[in-house]
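# Chain and residue survey
Residues per chain, in single letters:
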Amino acid sequence: MTAIAAPIGMLAELTHRCPLHCPYCSNPIELDKRSAELETGTWLRVLSEAARLGVVQVHLSGGEPTARKDLEAIVRHCAGLGIYSNLITSGIGLDERRLTTLVEAGLDHVQLSFQATTPEMNDLIGGLGGSLSYKLKIAAAVTRLGIPLTVNAVIHRRNIAQIEDFVRLAIRLSARRVEIAHAQYYGWALKNRANLMPTREETVAAVATVTRLREELKNVIVIDAVIPDYYARYPKACMGGWARQSLNVTPSGKVLPCHAAETIPDLEFWTVRDKSLADIWCDSPAFNAFRGTGWMREPCRSCERREIDWGGCRCQALAVAGSALEADPVCQKSPIHDRMAAIAAAEAAQPLRGYQYRGSAKRL
Ligand code: SF4
Ligand code: FES
């Protein structure tokens, strides 16, 4: 325990149930059923254990976390423990009354996702009609209640030209932050990768737009941006490094170092039904599999950036290089780095087709 630093943040995936059908969903292909979800008492115990472990911020996520009727109890418990609570929501299923009860329970922050800035595109991407006007009402209610708002936009080929519109929309909604997050290709998103992948030219233009807006609006709004991996030269420190800063608890109680960790075969995940969070953080095989640098092969092992990006993303290494022990192929030192750009270019060159939505062969 003494040699392992405490986690700072925890993603509490309260449910996989969700009214939207976003094609870039990073949740697993097989979702946890409602009957398998942790009951309220277990979540409260897990939050208490998280606070004792050192967690100061909990992201209440899903699926759509407001689908849980006990969300107020969970938020209230976070507040009692002194944990900062962030609700990550699509806004669908929420109304001002429920928001008010959540704020009264101690909710600290709301992160509201938008699929697009125009109604037609918002409906098409989320697979649900009428969702944009709904989100706008929720955003207004959040700021009316005095809670800090972050607007989140997952960016991909269909909406990449709307980046400036997203930022201007966030300002109109009095958001303090806007998150421009390029789609990551794990879980369900991998199935739709060809329909999501922007071209290199679109990506370069997007990065330039963010740079320009950050300068122009530096005293107006904070713009966070996650650049698209496939055209990068160095990988991101995914999750701030495996098992270094944060942990995810799935709806059924499995504890994961990242939301896509279950795609890595042969990892053993422990669950909060059987173990304490502290035992899992320190001793579970999955957390120790890629913690630190001892597991690394070349080129990471001798690389000067190995404690900067921690070898990048293990799940992406598995998905593209075939082994989670390899360097993230985003890295220009990876022997298959060129494969990333080639995949991206080939997929971005394909015509846009209908999305593959969860749960049906529905195509809008
Ligand atoms: Fe990061 Fe490994 Fe690439 Fe070095 S070789 S930059 S540690 S991914
Ligand atoms: Fe699993 Fe990056 S998503 S390590």
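Every value quoted in this text rests on a predicted model; they were computed, and no experiment measured them.

Reading the values: rules and limits
- Residues numbered from 1 in each chain as written.
- Chains lettered and ligands numbered in written order.
- Predicted model: local features only at pLDDT ≥ 70, side-chain atom pairs only at ≥ 80, totals over all residues.
- Heavy atoms only, no water.
- Core = buried A, V, L, I, M, F, W, Y, C linked by side-chain atoms within 4.5 Å.
- Buried < 20%, exposed > 50% of the residue type's maximum accessible area, 1.4 Å probe, protein only.
- Contact = heavy atoms within 4.5 Å.
- Near = heavy atom within 4 Å.
- Nonpolar A, V, L, I, M, F, W, Y, C, P; charged D, E, K, R; others polar.
- Helix = DSSP H or I, 4+ residues; strand = E, 2+ residues; numbered from the N terminus.
- Pairing = 2+ DSSP bridges.
- Right-handed = clockwise from strand over helix to strand, strands pointing away.
- Salt bridge = Lys/Arg side-chain N within 4 Å of Asp/Glu carboxyl O.
- Axes fitted to C-alpha atoms, helices over the stretch in contact; angles between N-to-C directions.
- Parallel < 35°, antiparallel > 145°, perpendicular 65-115°, else oblique.
- Left-handed = near helix turned anticlockwise from the far one by under 90°.
- Phe/Tyr/Trp six-rings, centres within 6.5 Å; stacked < 30°, edge-to-face > 60°.
- Arc of directions from axis to C-beta.

Now for the nonpolar core. Counting 83 residues, the largest nonpolar core has Met-10, Val-58, Leu-60, Leu-149, Ile-180, Val-249 and Leu-277 as its most contacted members. Ignoring any residue separated from it by four or fewer positions in sequence, one finds Val-249 in contact with Met-10, Leu-11, Ala-12, Glu-13, Leu-38, Trp-43, Val-46, Lys-254, Val-255, Val-272 and Leu-277. Of all hydrophobic cores here, the second largest spans 26 residues; its members include Met-121, Tyr-185, Leu-196 and Val-330.

Taken together, Tyr-234, Pro-235, Pro-299, Cys-300, Cys-303, Arg-305, Arg-306, Asp-309, Gly-311, Cys-331 and Lys-333 make up the full set of residues adjacent to ligand 1. Residue composition of the shell around ligand 1, grouped by class: six nonpolar, one polar and four charged.

Time to look at the pairing of strand β4 (residues 109-114). A large share of β4 lies buried, amounting to six of its six residues. Residue alternation in β4 divides its side chains into two sets, His-109, Gln-111 and Ser-113 and Val-110, Leu-112 and Phe-114, and both sets are buried. Here strand β3 (residues 84-89) runs beside β4; their pairing, made up of four bridges, is parallel. Looking across to β4, one finds that Thr-89 is bridged to Leu-112. Regarding topology, helix α3 (residues 96-105) serves as the crossover connection from β3 to the parallel β4, and that connection is right-handed. Of the strand pairs in this sheet, β4 and strand β5 (residues 149-155) are connected by five bridges, and their pairing is parallel. Bridging across to β5, Ser-113 finds its partner in Asn-152.

A separate point is helix α4 (residues 119-126). Spacing of three or four residues puts side chains on the same side of an α-helix, whose turn is 3.6 residues. Where α4 is concerned, the buried positions are Met-121, Asn-122, Leu-124, Ile-125 and Gly-126. Buried positions along α4 lie against β4 and α5 (131-144). One or two residues past the end of α4 sits Gly-127, with phi positive at roughly 65 degrees.

Applying the stated criterion across every chain yields a total of 19 salt bridges. A salt bridge links Glu-96 to Arg-144, with the nearest nitrogen and oxygen atoms 2.6 Å apart. Taken together, the positions of Glu-96 in helix α3 and Arg-144 in helix α5 put the pair 48 residues apart, joining distant regions of the chain. Through salt bridges that share partners, Arg-17, Glu-37, Arg-68 and Asp-70 make up one connected network.

Closest axis-to-axis distance for the α4/α5 pair is 8 Å, and the angle between their directions is 100 degrees. Between α4 and α5, the interaxial angle falls into the category roughly perpendicular. Across the interface between the two elements, Pro-119, Asn-122 and Asp-123 from α4 touch Ser-131, Leu-132 and Lys-135 from α5. Its residues assigned to classes, the contact of α4 with α5 shows two nonpolar, two polar and two charged.

The next subject is the environment of Ala-3. Mapped onto the elements of the fold, Ala-3 is located in the segment before β1 (9-13). With relative accessibility at 78%, the residue Ala-3 sits in the exposed group. With 279 residues separating them in the primary sequence, Ala-3 and Cys-282 have C-alpha atoms 9.3 Å apart.

So, about the packing of helix α2 (residues 71-81) against α3. The geometry of α2 relative to α3 is characterised by a closest axis approach of 8 Å and an angle of 25 degrees between their N-to-C directions. Accordingly, the angle class assigned to the pair α2 and α3 is roughly parallel. Handedness of the α2/α3 crossing: right-handed. Residues Leu-71, Glu-72, Val-75, Arg-76 and Ala-79 of α2 form the contact with α3, whose participating residues are Arg-98, Thr-101, Leu-102 and Ala-105.

Counted according to the given criterion, the structure contains four aromatic pairs. Between Trp-242 and Phe-290 the ring centres are 5.0 Å apart and the planes differ by 90 degrees, which places this aromatic pair in the edge-to-face class. You can see Trp-242 sitting in the loop between β7 (222-226) and β8 (246-249) and its partner Phe-290 sitting in the loop between α10 (285-289) and α11 (314-321), a full 48 residues away along the chain. Phe-290 shares its class with Trp-242; the two are buried. Taken together, a centroid distance of 6.0 Å and an interplanar angle of 80 degrees make the contact between Tyr-355 and Tyr-357 edge-to-face.

Right, let's talk about α2 for a bit. Those residues of α2 not exposed but buried are Leu-71, Glu-72, Ile-74, Val-75 and Cys-78. Down the axis, α2 shows its buried residues gathered within 165 degrees of arc, on one side only. Looking at the buried residues of α2, the elements they touch are α1 (40-53), β2 (57-61), β3 and α3. Taken from the residues just after α2, Gly-82 is the one with a positive phi, measuring 80 degrees.

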